[in-house]
Each structure stands twice: as structure tokens, then as C-alpha cells.
Amino acid sequence: MSLLQSTRPLDPLRWLGLPALAAIVGTFLLAIPIKIFGLQLPEPVFPMVLAFAWAVIRPSVIAPFVLVLLGLFLDLFWGGPQGVWPLCLLTAYAAVLAVRRLITGQDYIVVWAWYAAATLLALALAYGVMTLVAGAAPNLIAVGWMYVLPTLLLFPFARRLAERYEDADVRFR
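Residues numbered from 1 in each chain as written. Predicted model: local features only at pLDDT ≥ 70, side-chain atom pairs only at ≥ 80, totals over all residues. Heavy atoms only, no water.

**Q** What is the right way to read the overall build of the chain from this model?
**A** Scanning the chain from N- to C-terminus turns up 9 helices and 2 strands. Order of helices (α) and strands (β) in the chain, N terminus to C terminus: α-α-β-β-α-α-α-α-α-α-α. Over its C-alpha atoms the chain spans a radius of gyration of 16 Å, differing by no more than 12% from the 16 Å that the globule rule assigns to 173 residues. Dimensions of the chain along its principal axes, counting C-alpha atoms only, are 55 × 30 × 30 Å. With 173 residues in all, the chain has 39% of them scored as buried. A sequence separation of at least 24 residues applies to 73% of the contacts in the chain between residues at least 6 apart. Accessible surface, the chain: about 9600 Å² in total, of which carbon and sulfur atoms supply 72%. Here the chain carries 11 positive and 8 negative side-chain charges, and the mean point of each set is 4 Å from the other. (Helix = DSSP H or I, 4+ residues; strand = E, 2+ residues; numbered from the N terminus. Rg over C-alpha atoms; globule rule 2.2 N^0.38 Å. Buried < 20%, exposed > 50% of the residue type's maximum accessible area, 1.4 Å probe, protein only. Contact = heavy atoms within 4.5 Å. Areas by Shrake-Rupley, 256 points an atom, 1.4 Å probe, with all protein chains shown as cover. Lys, Arg positive; Asp, Glu negative; His and termini not counted. Charge placed at Lys NZ, Arg CZ, Asp CG, Glu CD.)

Shown next as C-alpha cells:
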């Protein structure tokens, strides 16, 4: 198999639709009210993986619209104020898009650091907005254990998605 045949074309359904559907399914699965040792399952922000990977793969007009839809889904599903998660996901997407040339081709740990920075930026924005809306600050330890740490642990999925389509369109390298 030649190098040209091993790269996958950027079919919107494959690099946008299927990952978005997987993020929705993952969100549903981890929202099942199961307690293990008296603890609730973590609730990672699955669309954060997509916000990072899609920005690294290539600039796109469609990806931000899909992120807005996923963010609105999270707002409705988690019962938060409308617009919080679209704002957070688009902020992470824009930040990664601004530095994508620095990220592309870097070592695993460097890319993980950029993913962590984008995740922390988005979740800090969500924390700030929720503090303003609720009038009280959420518990930082609970937010860290339920959202931040599990979302950071999703990095291998973001890396895999980005690597899968990294060379599909060389115009944006």
C-alpha cells in the first residue's frame, strides 16, 4: 500500500459526523445514574476532544457549527444556561487554531500540554460563567474530579483523531 493510499480523504461525515455522534453517545453513557463505591461516574466533556482535534487537522467552516450544536446539546443535557458550552468549545477551538502550526508535528507530551491548556482554558471559562450566573462559585475539587481530570484523560482520543486525518489535506499544513 502506497503512502498516498494510506491517507484518508477529509469526508465531512467521517471526520465531523461520526466523531460528533461518538461524543453524544459517550456523554449519554457516562450520565447513567450508576454509583461505584458510592461515587457517581465522571462526566468528561467529550466534545473538547473534537474542538482540539478538528482545529489541529485543518481550518474548517463546518467544524465550528458542529461544535455549537454539540455545545447546545451539552447545555440542554446537563441543564445549564444556554450558550455556555458553545462559547467554551469555540474558545478552545479558536485558541488551538491560532497555534496549530506550533502543535503539528510535535512530540506526544507537547501536544498533550497544548490539549491540557485548551481544556483548562475552556473549563475555566465555563467555571467563570457559571459563577456569574449562579452567584456562587462551584466547588473546585468537585469540578476537577468530575470534569477536568476525566476530560484531560481523553487526550489519546484527540491525538488519534488528529493523526488519522493529519496528512489528508496538505494545503493546510
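**Q** It is not clear to me how the packing of aromatic side chains should be interpreted in this structure. Could you clarify?
**A** Two descriptors summarise a pair of aromatic rings, namely the distance from one centre to the other and the angle between the planes of the rings. Taken as a whole and judged by the stated rule, the model has 9 aromatic pairs. Measuring from centroid to centroid gives 5.1 Å for Tyr108 and Phe155, while their planes differ by 75°, and the two rings are edge-to-face. Residue Tyr108 is found in helix α7 (residues 108–134), and its partner Phe155 is found in helix α9 (residues 155–165); the two are separated by 47 residues along the sequence. Overall, Tyr108 belongs to the partly exposed group, its relative accessible area being 41%. Grouping aromatic residues by their ring pairs yields a cluster made of Phe52, Tyr108, Tyr115 and Phe155. (Phe/Tyr/Trp six-rings, centres within 6.5 Å; stacked < 30°, edge-to-face > 60°.)

The values reported here are purely geometric and, on their own, carry no functional implication.
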